[in-house]
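Report on the structure
So you can see what is in the structure, the chains are spelled out below.
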Amino acid sequence: MGKLDDKVALITGGVSGLGRSTARRFIEEGASVVIADIDSQKGKSAEEELSTLGGDVVFLEIDVTDEASQARVFQETIERFAKLDVVLAAAGISSASYVSGQINERSEDPEGNFLFNKSVDDWRRVLEVNLTGVMITNQLAVKSMIELDIKGSIINIASIAGRRPLPGATDYCVSKSGVIMLTQSLSAEVCGRGIRVNAIGPGFIETPMTASIRQSEEGVDMVMSMTPMARFGVPEEIANTALFLASEESSYFSGQTLFPNGGMYVG
Ligand SMILES: NC(=O)c1ccc[n+]([C@@H]2O[C@H](COP(=O)([O-])OP(=O)(O)OC[C@H]3O[C@@H](n4cnc5c(N)ncnc54)[C@H](O)[C@@H]3O)[C@@H](O)[C@H]2O)c1
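Residues numbered from 1 in each chain as written. Predicted model: local features only at pLDDT ≥ 70, side-chain atom pairs only at ≥ 80, totals over all residues. Heavy atoms only, no water.

**Brief notes about the nonpolar core**
Worth spelling out the cut-off: Put simply, buried Ala, Val, Leu, Ile, Met, Phe, Trp, Tyr and Cys residues joined by side-chain atoms within 4.5 Å make one nonpolar core. Each residue gets one of three labels from its accessible area relative to the maximum for its type: buried under 20%, exposed over 50%, partly exposed in between, using a 1.4 Å probe on protein chains only. A run of DSSP states H or I qualifies as a helix once it reaches four residues; a run of E qualifies as a strand once it reaches two. Both are numbered from the N-terminal end.
In this structure, Leu10, Phe74, Val87 and Ile154 are the most contacted members of the largest nonpolar core, which totals 29 residues. Counting only elements with at least two residues in this core, the list comes to strand S1 (8-12), strand S2 (32-37), strand S3 (57-61), helix H3 (67-81), helix H4 (120-148) and helix H5 (170-190). The greatest single-element share of this core, amounting to 7 residues, is contributed by H4. In this structure, Leu4, Ala31, Phe59 and Ile200 belong to the second largest nonpolar core, which totals 27 residues.

**Digging into the pairing of S2**
The cut-off we apply is this: Strands are labelled as partners when DSSP assigns at least two bridges between them. With its strands directed away from the observer, a crossover is right-handed exactly when the path from the first strand over the helix to the second travels clockwise.
The buried fraction of S2 amounts to 6 of the 6 residues, a majority that puts the element mostly inside the structure. Examined bridge by bridge, S1 and S2 share 5 bridges and lie parallel to one another. Bridging across to S2, valine 8 finds its partner in serine 32. Following the chain from S1 across helix H1 (residues 17-28) to the adjacent parallel S2, one finds a crossover that is right-handed. In this view, the connection linking S2 to its parallel neighbour S3 by way of helix H2 (residues 40-51) has right-handed handedness.

**Some points on the side chain of threonine 65**
Using the following cut-off: Polar contact is the term for a pair of N or O atoms within 3.5 Å; when the atoms are in protein, one must be able to donate a hydrogen and the other to accept it, and sequence-neighboring residues count only if both atoms are side-chain atoms. A contact between two residues is defined here by any heavy atoms of the two lying within 4.5 Å.
Along the chain, threonine 65 turns up in the loop between S3 and H3. Of the polar contacts made by the side chain of threonine 65, one reaches the side chain of aspartate 63; its length is 2.8 Å. Among residues more than four places away in sequence, those in contact with threonine 65 are Arg125, Glu128, Val129 and Ile136.

**Some thoughts on the packing of aromatic side chains**
Operational definition: Side-chain rings of Phe, Tyr and Trp, where Trp is taken by its six-membered ring, are said to pair if the distance between their centres is within 6.5 Å; with planes under 30 degrees apart they count as stacked, over 60 as edge-to-face, and otherwise as tilted.
For the coordinates displayed, the defined rule picks out 2 aromatic pairs. Seen from their ring centres, phenylalanine 244 and phenylalanine 253 are 5.2 Å apart, and the 85° between their planes marks the pair as edge-to-face. Taking the relative accessible area as the measure of exposure, phenylalanine 253 reaches 29% and is therefore partly exposed.

**Notes on the pairing of S1**
Taken across its 5 residues, S1 has 5 buried, putting it largely inside the fold. In S1, alternate side chains face the same way, and those of Val8, Leu10 and Thr12 on one face and Ala9 and Ile11 on the other are all buried. In this sheet, strand S4 (residues 86-89) lies alongside S1 in parallel orientation, the contact comprising 4 bridges. Among the inter-strand pairings, alanine 9 is bridged to a residue of S4, identified as valine 86.

**Description of the packing of H3 against H4**
Note the threshold: Geometry is summarised by axes, namely lines fitted to C-alpha atoms with helices restricted to the contacting stretch, and by angles between N-to-C directions that run from 0 to 180 degrees. Left-handed describes a crossing whose near helix is turned anticlockwise from the far helix by less than a right angle; the clockwise case is right-handed. Here the nonpolar group is Ala, Val, Leu, Ile, Met, Phe, Trp, Tyr, Cys and Pro; Asp, Glu, Lys and Arg are the charged ones; every other residue, Gly included, is treated as polar.
Taken N-terminus to C-terminus, the directions of H3 and H4 make an angle of 35°; their axes are 10 Å apart at the nearest point. The hand of the H3/H4 crossing is right-handed. On the side of H3, the interface is formed by Glu67, Gln70, Ala71, Phe74 and Ile78, while H4 contributes Gly133, Ile136, Thr137, Leu140, Ala141, Ser144 and Leu148. Of the residues assigned to the contact of H3 with H4, the class counts are 7 nonpolar, 4 polar and 1 charged.

Now the structure itself:
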C-alpha cells in the first residue's frame, strides 16, 4: 500500500530539482502525476524517466505567469484523470535572469544585485513567476477541488528566504515571504471546506538553482555559516516533506510552512 494510492497530483516546475524529485516520490507512493513546466525539452525526458517507475505520469507544458496556460493544464489534467487531489507549486526562479540548468555568473561587485541596482522590470519578473504564478496555481487548484468535491492538499514551495533577508536577493525574499502569507491567508479561506494549504520553506538544496553557489568557495562558506548541519540538503529531503503534506499523515495541518533547512533559525 502506498501513501498516495489512487491520488492524482499536479506539480508545476515538475521537470527539475525539487519538483522532479517530489514527482518521483509521489509515483513511488502510488500517485498518478502530471509534471507541468515551461521547459518542454526536459519535460519529455522527465516523463520518460519517471514512467519507468511504473506509475502513470504525463508532461504538460505550462507558463505559470500565463493564466490561460495554467487553466489549460488544469483542464487537461482533469480530463485525463477525472480528479485532482494534490497540487504542488514548485515552479520558480532565483532571479530575473535565472534559467534552470544554466550556471549564473556571480557578480564580482557584492552590491551588484542589491535592490537599488535592480530594474523594476527584473523585480516584476521575479514576483510574477514566484508569487503571482503560485497564486494562479492556488486559485485553479481550489476551484477544481471545490468543483470536483475533493478534500485536497495544496503545497507551495516558499523558502527560508521568505523569513531571512539575503542581501542581493531582495526580490526573491519578498516573493517567498508573499508565498508564506498567501498560504496562510488562502488556508484561512478554504481549510474549513477540507482543502488544506501548506508550504515548504527549504534551506539550500542541491538542485540546478544552487549550482552557482555550490561552485564558488564564497557561496559554500556562506551556506555553511548559515546552516548548523553544515551541509546542503538533497531534493529527496524536500520530497519527503511534500509527501507528508500531501498524505493523510498531515491531516490536521493547514496554513503552515515547514522548514527543512538543516537547523537554520528562521524565526
Ligand atoms: N534549491 C534550493 O535550494 C531552493 C531553496 C528554497 C526554495 N527553492 C524553491 O524551490 C522551487 C524549485 O526550485 P529548484 O531548486 O528545484 O530549481 P530548478 O531550477 O531545478 O526548478 C525550477 C523549475 O521551475 C521551472 N520554471 C521556471 N519558470 C517557470 C514558468 N514561468 N512556468 C513554468 N515553469 C517554470 C523551470 O523550468 C524548472 O524546471 C523554486 O520555487 C525555488 O525558488 C529552492
